[in-house]
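As a plain string of letters, each chain reads:
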Amino acid sequence: MSPRSDDTPRRGDQPRRGTSRDLPAGDTGAEETEENGRGRGFGGIGDARAYTPRGRTMAERDQRTRSPRAGRTTDPFRPALQVLDGGRPQRGRRPAEPEPAPEQAKPAAKTGTGRSGTSKTGTGRTGEKGDTGRREQPDSRPATPRTRRPEPDELKQRRARTTTRDGSRTAGPASAGAGSGKAARAGLAKAGRPGTAVGALRPRTGKSPGPSRAVRAVVTEPPKLANPTRRLRLGTVLALSLFVMIGVRLVVLQVASSPGDAARLIKLREQRITEVTLPAPRGSILDRNGTVLAHSVEARYVGVDPVLVKDVAKTAATLSPLLGVPQSKLVEKMKRHTRPGGGESRFEFLAQGVDISIGDRIAGLKLGGIVVKQDERRDVPGADLAANLIGFTGADNSGLEGLEGRYDSLLRGTPGSQEFEIGKGDLNKPIPGGYQKYVEPQPGTSIELTIDADLQYEVQRILCEQATDWKATIAGAVVLDVQTGEVLAQASCPTYNAAKALDYTPADREDVPSAIVADPGSIHKAFTIGAALQEGLITPDSAITVGPAIERGGYRFQDSHIQVKGTKMTIPGILALSSNVGTILIADKLGKQKLYEYQQKFGLGRATGEGVAGEATGKILTPDEWSGSASGSVPIGMSVDATLIQMAAGYGTIANNGTYIQPHLIKEMISGKNGKVTAGATPETHQVLDPDVATELRTMMEAVVDTKDATGTQAAVTGYRVAGKTGTGKRLIDGQYTSSNYGSFIGMAPAENPRFVIAVSAEVAHGTGGDVAAPAFSKMMSFALQHYRVPPSTTKAPTFRIHP
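As the structure is a computational prediction, the values presented were derived from the model and not from experiment. (Residues numbered from 1 in each chain as written. Predicted model: local features only at pLDDT ≥ 70, side-chain atom pairs only at ≥ 80, totals over all residues. Heavy atoms only, no water.)

A short note on the overall build of the protein chain
- Within the protein chain, the secondary structure is distributed over 25 helices and 25 strands.
- Restricting the contact set of the protein chain to residue pairs at least 6 apart, pairs at least 24 apart contribute 74%.
- On the protein chain, roughly 39,700 Å² of surface is accessible, and the fraction owed to carbon and sulfur atoms is 53%. (Helix = DSSP H or I, 4+ residues; strand = E, 2+ residues; numbered from the N terminus. Contact = heavy atoms within 4.5 Å. Areas by Shrake-Rupley, 256 points an atom, 1.4 Å probe, with all protein chains shown as cover.)

And the structure:
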């Protein structure tokens, strides 16, 4: 079989690509002329491709001329666009045509012209280039006129322009096949589909129309999209307006709010904000060698949020035996109440310094509203060692007595705080991302004392043993470094355990050397004789005529060692036998004004300022206050109120070649923040006696210890020369003297170059300073000299004569 010609249709006439099979091919061009008022629109695939994503326009060509490879690269929308019904939409206005009658439309459908415009034999179809055997078949049916809505002029002009392949414009009457085309489109309109042709054919001269030429569609302008600039501007204006409204509202809330609004905001904040005090680590108290006398150790505190406690009575009953706090006090703190500054309380301390084991037990109970957190507790390793001097702290870790109270502001540091927003749930659980404020606590400053813990222990032991033997009510002892004025030991008896301070009475916790005021008695005679020596009224070789007694202001003053009237005594003898009559006679030469001045120089009548809280100032009589008997009582240490530390500082003046050095307890302060060491305050000093006078007085005071029948022989220390003086006075309580004796001894060693001054006192029912205090002094001084490796005396004490 010979190959089929390309011009021979395979199965009848094939419609052109992009045109509807329902329209006759020969009638497509007749409806696109300007004369029919039809403008350009979608001319099939060629025109539709102008609006494809590729954005290009291409003239429609015969698909038979395309190569297989080119067919694969054609527009992907071509298969979909090939199913478009009719070719072009109506372009422009056309004359109104009457609708075909129903009876006329049926015969047309039988002949086939109503569907495709061709007969079964293939005649009457308009072919493209090369299709020469096909002719247009005019439609003999009368066209039914119909009206059409007018279109805008611009659209008319745009659709009226149609360009052919050779560049000429189509104009003039429609081709002969226009009638059948109209009929076909009318049929399609009734079926609800568009009836546009692919292109227009230029009519040929003569009766038989020649082959038509495909027209090239002109690219139409794409539809205009919405302008994004206006949208951006509008959005910007709206956003700025919103922010301005928010800013204005914030300004109104913060600046222009009414007091009522502010109060509501504050109340709302207080209800959601809780504050917890963070205790600062308290500084330690150390001895001169770094030994810990008091420090803080880890403990627990127990707190409560009253709002979260469900059963107050039951919770208080559970905690009371564990904390050792009465149930009634716990209930008061657990009840909901208002803070002093306003707002409902959300935290209260129930107990501080709780043992870790007890804190863990309470935490294990998981009581509602109860919190157990890390805390610290004051610990005193030596228990009662220097407890009367150091003092103790309260439940809130603040100092109450002694050095703890005196330097509380330094030791306790600066507490911190933590504020945070809380919600429902466990106590002190900050809301993540909520309001939080944290102030870090600043550690307290540690204090290094001048106290020597080893010497303090021995002095305290000796003192309490002697007090027990003599059944003393109270007793005290002080050890001074002569050259520096540092207090090396300061002991009291009775003592107490500072860890359980509240188990003792306030009297048991008193620091005897600084708090107990008493008549110094005969130890004051050294000041009277030293003033007379300094004023040149007497010399070491002077002799004073004494008798058995002397009366002043109706009061009889006599010696314990009664002398016959007219007996002469040396100055060392007056000191050795503690002659009241001889001392009064020397004071008469000095006068009350001079005696008062020297009392002040030796440090009487005012607190020493050694550093202990509550130090007594004592009292001395001014010359105007002297009564008739004062000239007899004041020189021998009666009618004088003084503490043991005051008298010890005065004797330190004699030992330090006449220079008074203020006694002090603070050696250094160590910062808890950066460890910086700051020296203690420089002690006050002033000259009281000339060095030669002080040496003479110190030598004569050796007679008190070395002379037979002297009052202080029990104060002697083997291998060392000792100078000192005994005294027996009365203790004044509420303006009344007690019936007991207040015996004392103050001495120094080695006498030729003193290193220490030790003062001892005790209140006993009977006995003197030589009986009670002197033996304790001997033991204390012996230990101190050996502890600090002080060389023994190389010379012997001089021989003293009581009578010239």
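Comments concerning the environment of Ser 328
- Tracing the backbone shows Ser 328 in helix α10 (residues 327-334).
- Since its relative accessible area comes to 49%, Ser 328 is described here as partly exposed.
- A sequence separation of 15 residues divides Ser 328 from Ala 313, and the C-alpha atoms of the two residues are 9.1 Å apart. (Buried < 20%, exposed > 50% of the residue type's maximum accessible area, 1.4 Å probe, protein only.)

Observations concerning the side chain of Arg 300
- In this structure, Arg 300 sits in strand β5 (residues 292-304).
- Since its relative accessible area comes to 16%, Arg 300 is described here as buried.
- The contacts of Arg 300, once residues within four sequence positions are left out, are Gln 352, Gly 353, Val 354, Asp 355, Ile 356, Gly 359, Asp 360, Val 372, Lys 373, Gln 374 and Asp 375.

So, the side chain of Thr 653
- By secondary structure assignment, the location of Thr 653 is in helix α22 (residues 644-655).
- Using a relative accessible area of 0% as the deciding quantity, one classes Thr 653 as buried.

Topic: the sheet that holds strand β3 (residues 273-278)
- Strand order in this open sheet of three strands is β3-β8-β9, and the pairing throughout is antiparallel. Here the strands that pair on one side only, and so sit at the sheet edges, are β3 and β9 (436-439). Put simply, the sheet's adjacent strands are angled 15 degrees from each other on average, direction ignored.
- Examined bridge by bridge, β3 and strand β8 (residues 416-421) share six bridges and lie antiparallel to one another. Among the inter-strand pairings, Ile 273 is bridged to a residue of β8, identified as Glu 421. (Pairing = 2+ DSSP bridges. Axes fitted to C-alpha atoms, helices over the stretch in contact; angles between N-to-C directions.)

Some remarks on the pairing of β8
- With five of six residues buried, β8 is to be regarded as a mostly interior element.
- Across four bridges, the pairing between β8 and β9 is antiparallel. Of the residues in β9, the one forming a bridge with Phe 420 is Gln 436.

A closer look at the sheet that holds strand β12 (residues 487-493)
- The five strands are arranged β12-β11-β25-β24-β21 in an open sheet whose pairing can be described as antiparallel. Each edge of the open sheet carries a strand with a single partner, namely β12 and β21 (723-729). With direction set aside, neighbouring strand axes in the sheet form an average angle of 5 degrees.
- Note: strand β24 (residues 741-749) against strand β25 (residues 756-764), nine bridges, orientation antiparallel. Opposite Ala 749, over in β25, you have Phe 756 as the bridge partner.

Structural notes on the pattern of salt bridges
- Counted according to the given criterion, the structure contains 18 salt bridges.
- Measuring nitrogen to oxygen at the nearest pair gives 4.0 Å for the salt bridge that ties Arg 606 to Glu 684. Note that Arg 606 is positioned in the loop between α20 (592-601) and α21 (630-633) and Glu 684 in the loop between β19 (677-679) and β20 (685-687), a separation of 78 residues in sequence.
- You can call Arg 606 partly exposed: its relative accessible area is 29%.
- With relative accessibility at 38%, the residue Glu 684 sits in the partly exposed group.
- Glu 702 is the partner of Arg 721 in a salt bridge, and the nearest nitrogen-oxygen pair spans 2.6 Å. With Arg 721 in the loop between α24 (703-706) and β21 and Glu 702 in the loop between α23 (691-700) and α24, this residue pair connects regions lying 19 residues apart in the sequence. Judged on exposure class, the residue Arg 721 and its partner Glu 702 are both buried.
- Here the residues in one salt-bridge network are Arg 282, Arg 378, Glu 404, Asp 408 and Arg 412, joined through shared partners. (Salt bridge = Lys/Arg side-chain N within 4 Å of Asp/Glu carboxyl O.)

Notes on the nonpolar core
- In this structure, Ile 529, Tyr 651, Leu 697 and Met 701 are the most contacted members of the largest nonpolar core, which totals 88 residues.
- In terms of residue count, α22 provides more of this core than any other element does, eight residues in total. (Core = buried A, V, L, I, M, F, W, Y, C linked by side-chain atoms within 4.5 Å.)

Some thoughts on the packing of aromatic side chains
- Scanning the entire structure with this criterion turns up 10 aromatic pairs.
- In this structure an aromatic cluster arises from ring pairing among Tyr 301, Phe 347 and Phe 349.
- In this structure, Arg 406 packs its charged tip against the face of Tyr 407, placed 4.8 Å from the ring centre.
- The residue whose ring lies beneath Lys 601 is Tyr 598, and the NZ or CZ to ring-centre distance is 4.7 Å. (Phe/Tyr/Trp six-rings, centres within 6.5 Å; stacked < 30°, edge-to-face > 60°. Lys NZ or Arg CZ within 6 Å of the ring centre and 35° of its normal.)

Examining the packing of helix α17 (residues 525-534) against α23
- Between α17 and α23, the least distance of the axes is 10 Å, while the angle of their chain directions is 140 degrees. When the interaxial angle is binned, α17 and α23 end up oblique. Both α17 and α23 take part in a crossing whose hand is right-handed. Residues Ala 526, Ile 529, Gly 530, Leu 533 and Gln 534 of α17 pack against Val 693, Leu 697 and Met 700 of α23.
- Of the residues contributing to the contact of α17 with α23, the split by class is six nonpolar, two polar and no charged. (Parallel < 35°, antiparallel > 145°, perpendicular 65-115°, else oblique. Left-handed = near helix turned anticlockwise from the far one by under 90°. Nonpolar A, V, L, I, M, F, W, Y, C, P; charged D, E, K, R; others polar.)

A look at a negative patch on the surface
- Where like charges cluster on the molecular surface, the negative patch consists of Asp 541, Asp 690, Asp 692 and Glu 696.
- Relative to the assigned elements, Asp 690 resides in the loop between β20 and α23.
- On the basis of relative accessible area, Asp 690 is assigned to the partly exposed category, the value being 39%. (Patch = residues over 30% accessible without salt bridge, like charges linked within 9 Å, V, L, I, M, F, W, Y side chains within 5 Å. Lys, Arg positive; Asp, Glu negative; His and termini not counted. Charge placed at Lys NZ, Arg CZ, Asp CG, Glu CD.)

Some details on helix α9 (residues 312-323)
- With 12 residues, α9 should cover 16 Å at 1.5 Å per step; its first-to-last C-alpha distance of 16 Å lies within 8% of that length.
- Those residues of α9 not exposed but buried are Thr 315, Ala 316, Leu 319, Ser 320, Leu 322 and Leu 323.
- In this structure, the buried side of α9 is in contact with β5, α10, β6 (348-354), α11 (356-365) and β7 (370-379).
- For α9, the capping residue at the N-terminal end is Asp 311, with a side-chain oxygen 3.5 Å from the backbone nitrogen of Ala 313.
- Positive phi shows up at Gly 324, right after α9, with a value of about 70 degrees. (Expected span 1.5 Å × (residues − 1). Polar contact = N/O pair within 3.5 Å; in protein donor to acceptor, adjacent residues only side chain to side chain.)

Structural notes on the packing of α9 against α10
- Contact geometry of α9 with α10 gives a least axis separation of 8 Å together with a crossing angle of 130 degrees. In this view, α9 runs oblique relative to α10, as classed from their interaxial angle. In the crossing of α9 with α10, the sense of the turn from one axis to the other is right-handed. Contacts from Val 312, Ala 313, Thr 315, Ala 316, Ala 317, Leu 319, Ser 320 and Leu 323 of α9 reach α10 at Gln 327, Leu 330, Val 331 and Met 334.
- Looking at the contact of α9 with α10, its residues break down into nine nonpolar, three polar and no charged.

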